[in-house]
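# Structural characterization, general
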Amino acid sequence: MRIPHNDALGSDTSGAPERPKIHGSTSVDPERKCILTGDNGSRDDLLRLAISPEGLVLPDVLARAPGRGAWIGVSRVELETALAKGKLKGALARAFGKSLGGAELTIPADLPARIEAALLRAFTDRLGLEMRAGNLLLGSERISEKARAGKIAWLGHAADASEDGARKIDQAWRVGEDAEGSGKAGTRLPLDRTALSVALGRENVVHLALTAPAAAQRIDGLLRRLVLFMGPRIWGQDDKKPSETDDRSAASAVPDALTT
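Quantities reported herein were computed from a predicted structural model and do not represent experimental measurements.

### What about the nonpolar core?
Counting 53 residues, the largest nonpolar core has Leu92, Ile115, Phe123 and Leu208 as the members making the most contacts within it. Broken down by secondary-structure element, the contributors of at least two residues to this core are strand E3 (47-51), strand E5 (69-72), helix H2 (87-96), helix H3 (111-132), strand E6 (136-138), helix H6 (193-200), strand E9 (207-210) and helix H7 (213-230). The element contributing the most residues to this core is H7, with nine residues. Contact partners of isoleucine 115, with chain neighbours within four places excluded, come to Leu47, Leu49, Pro59, Val61, Ile72, Leu79 and Phe229. Core analysis: the next-biggest nonpolar cluster, separate from the first, contains nine residues, Ile143, Ala147, Leu155 and Ile169 among them.

Structure, rendered in structure tokens:
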């Protein structure tokens, strides 16, 4: 497989979340190479940094910005370390060399925070679009009813949703999917109920579901990229007791559909 090396966006074909990846799809997702680790990965595992003609480096989480770009596949903590040690600037300089035309690379000190904010915004914006399109369900009773009828393609729970409430809806989903005993469960999202409520303009958003497989596919890459970048912090350990978070990890946040 050809591995494009930090190419211009004009040659890219994605950035659109419609790329089929879940529900058993066998489509091939073009790989990219992380400039920090040298590892190859899918576009859903890496995120793009756009570089302006003046050398300014900014996040391009939807991979739509024109011009040159570079890909990274590390967590926020790893990126902060690379930035502090000058490794990110060195990697970018090696990747582009003279192609910057004499422009000096400028990396904002708050680049990791900008990336996280952009990833969160892209994810919540997508949820809002799905809600306006009629694909997003809210409310535990409504979701449970549709889940038992086998009409749920994706299920999510706020980071601070109660274990009991999530477990009941998960069970309804397994019944509807004829998957009892499989352990199939909804995704713990990297946002609490307050953040979800603000993002969607509704009160007390704790559980949410997508009814259309295509909508679940559109959420796929955005959520995966967000989870991988945020790392273990997605569960808000700073705000919870150790007993509530010790057994949680970033990997557990990625739904089965995203890891197959």
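### A short note on the packing of H3 against H7
Here H3 crosses H7 at 160°, and the two axes come no closer than 10 Å. Taken together, H3 and H7 sit at an angle that is classed as roughly antiparallel. Here the hand of the crossing between H3 and H7 comes out left-handed. Touching Pro112, Ile115, Glu116, Leu119, Leu120, Ala122, Phe123, Arg126, Leu127 and Glu130 of H3 are Ala215, Arg218, Ile219, Leu222, Leu223, Arg225, Leu226, Phe229 and Met230, all from H7. Split by residue class, the contact of H3 with H7 holds 14 nonpolar, no polar and five charged.

### A look at unusual backbone geometry
The backbone of alanine 63 shows a phi angle near 55°, a positive value even though the residue is not glycine. Structurally, alanine 63 is set in the loop between strand E4 (57-60) and E5. Residue alanine 63 is classed as buried on the basis of its relative accessible area of 7%. One non-glycine residue, asparagine 204, lies in the positive phi region at around 50°. We classify asparagine 204 as exposed; its relative accessible area is 52%.

### Describing the sheet that holds E6
Across a sheet, paired strands are connected by hydrogen bonds in the backbone, their directions being either parallel or antiparallel. Spatially, four strands are ordered E6-E9-E7-E8 in an open sheet, and the strand pairing comes out mixed. Because the sheet does not close on itself, it has two edges, and the strands there are E6 and strand E8 (187-188). Bridge count for E6 against E9 is three bridges, and the pairing is antiparallel. Residue leucine 136 lies in a different strand from E9, and its bridge partner there is leucine 210.

### Here's the deal with the packing of aromatic side chains
Summed over all chains, the structure comprises zero aromatic pairs. Sitting over the ring of tryptophan 173, lysine 184 keeps its end group 4.4 Å from the ring centre.

### Brief notes about the pairing of E5
Neither face of E5 is left uncovered, since the one carrying Gly69 and Trp71 and the one carrying Ala70 and Ile72 both have all their residues buried. Bridging between E3 and E5 involves four bridges; their strand directions are antiparallel. In the strand pairing of E5, alanine 50 is matched with glycine 69.

### Let's talk about the sheet that holds E4
The sheet built from three strands is open, its strands ordered E4-E3-E5 with antiparallel pairing. The strands lining the two open edges of the sheet, one partner per strand, are E4 and E5. Recorded for the sheet is a direction-independent mean angle of 35° between the axes of neighbouring strands. The strands touched by H3 within the sheet are E3, E4 and E5, with E4 carrying the most contacts at an inclination of about 20°.

### With respect to the confidence of the model for the protein
When pLDDT is averaged across the protein, the result is 81; 77% of the residues are at 70 or more. Here residues 1-27 scores under 50 on pLDDT; set against residues more than four positions off or in separate chains, the count is 68 contacts. Across residues 234-260 the pLDDT falls below 50, and counting only partners more than four positions away or on other chains, this stretch makes 41 contacts in the model.

### Quick look at the pattern of salt bridges
Counted according to the given criterion, the structure contains 13 salt bridges. Ionic pairing is found between glutamate 130 and arginine 218, a salt bridge with its closest N-O pair at 2.6 Å. Of the two residues, glutamate 130 sits in helix H3 while arginine 218 sits in helix H7, which places them 88 residues apart along the sequence. Here arginine 188 makes a salt bridge to glutamate 163, at a shortest N to O gap of 3.4 Å. One end of the pair, arginine 188, is in strand E8; the other, glutamate 163, is in helix H5 (residues 163-176), and 25 residues separate them in sequence.

Calculation rules
Think of each chain on its own: its residues are numbered from 1, step by step along the sequence as written. Local features in this predicted model are restricted to residues whose pLDDT is 70 or higher, and side-chain atom pairs enter the listing and the counts only when it is 80 or higher, whereas totals over whole chains, interfaces and linings include all residues. Side-chain calculation: all heavy atoms of the structure are included, whereas hydrogens and water are not. In these notes, a set of buried Ala, Val, Leu, Ile, Met, Phe, Trp, Tyr and Cys residues joined through side-chain atoms within 4.5 Å is what counts as a nonpolar core. The cut-offs for exposure are 20% and 50% of the maximum accessible area for each residue type, with area from a 1.4 Å probe on protein chains only; residues under the lower value are buried, those over the upper are exposed, and the others partly exposed. By the criteria applied, helices consist of DSSP H or I runs no shorter than four residues and strands consist of E runs no shorter than two, each listed in order from the N terminus. Contacts: residue pairs with any heavy atoms within 4.5 Å of one another. Orientation is described by axes fitted as lines to C-alpha atoms, over the contacting stretch for helices, and by angles from 0 to 180 degrees between their N-to-C directions. An angle counts as roughly parallel when it lies under 35 degrees, as roughly antiparallel when it exceeds 145, as roughly perpendicular when it falls between 65 and 115, and as oblique in every other case. Handedness of a crossing is defined here by the sense of rotation of the near helix relative to the far one, left-handed for an anticlockwise turn of less than a right angle and right-handed for a clockwise turn. For this classification, the nonpolar set comprises Ala, Val, Leu, Ile, Met, Phe, Trp, Tyr, Cys and Pro, the charged set comprises Asp, Glu, Lys and Arg, and every other residue, Gly included, is treated as polar. Should DSSP find at least two bridges between two strands, the strands are regarded as paired. Note on aromatic pairs: the rings of Phe, Tyr and Trp (six-membered ring only in Trp) are paired at centre separations within 6.5 Å, and the planes decide the class, stacked below 30 degrees, edge-to-face beyond 60, tilted for the rest. We call a charge positioned over a ring when the NZ of a Lys or the CZ of an Arg lies within 6 Å of the ring centre and within 35 degrees of the ring normal. Per-residue confidence from the predictor is given as pLDDT, running between 0 and 100. Salt bridge criterion: a side-chain nitrogen from Lys or Arg within 4 Å of a carboxyl oxygen from Asp or Glu.

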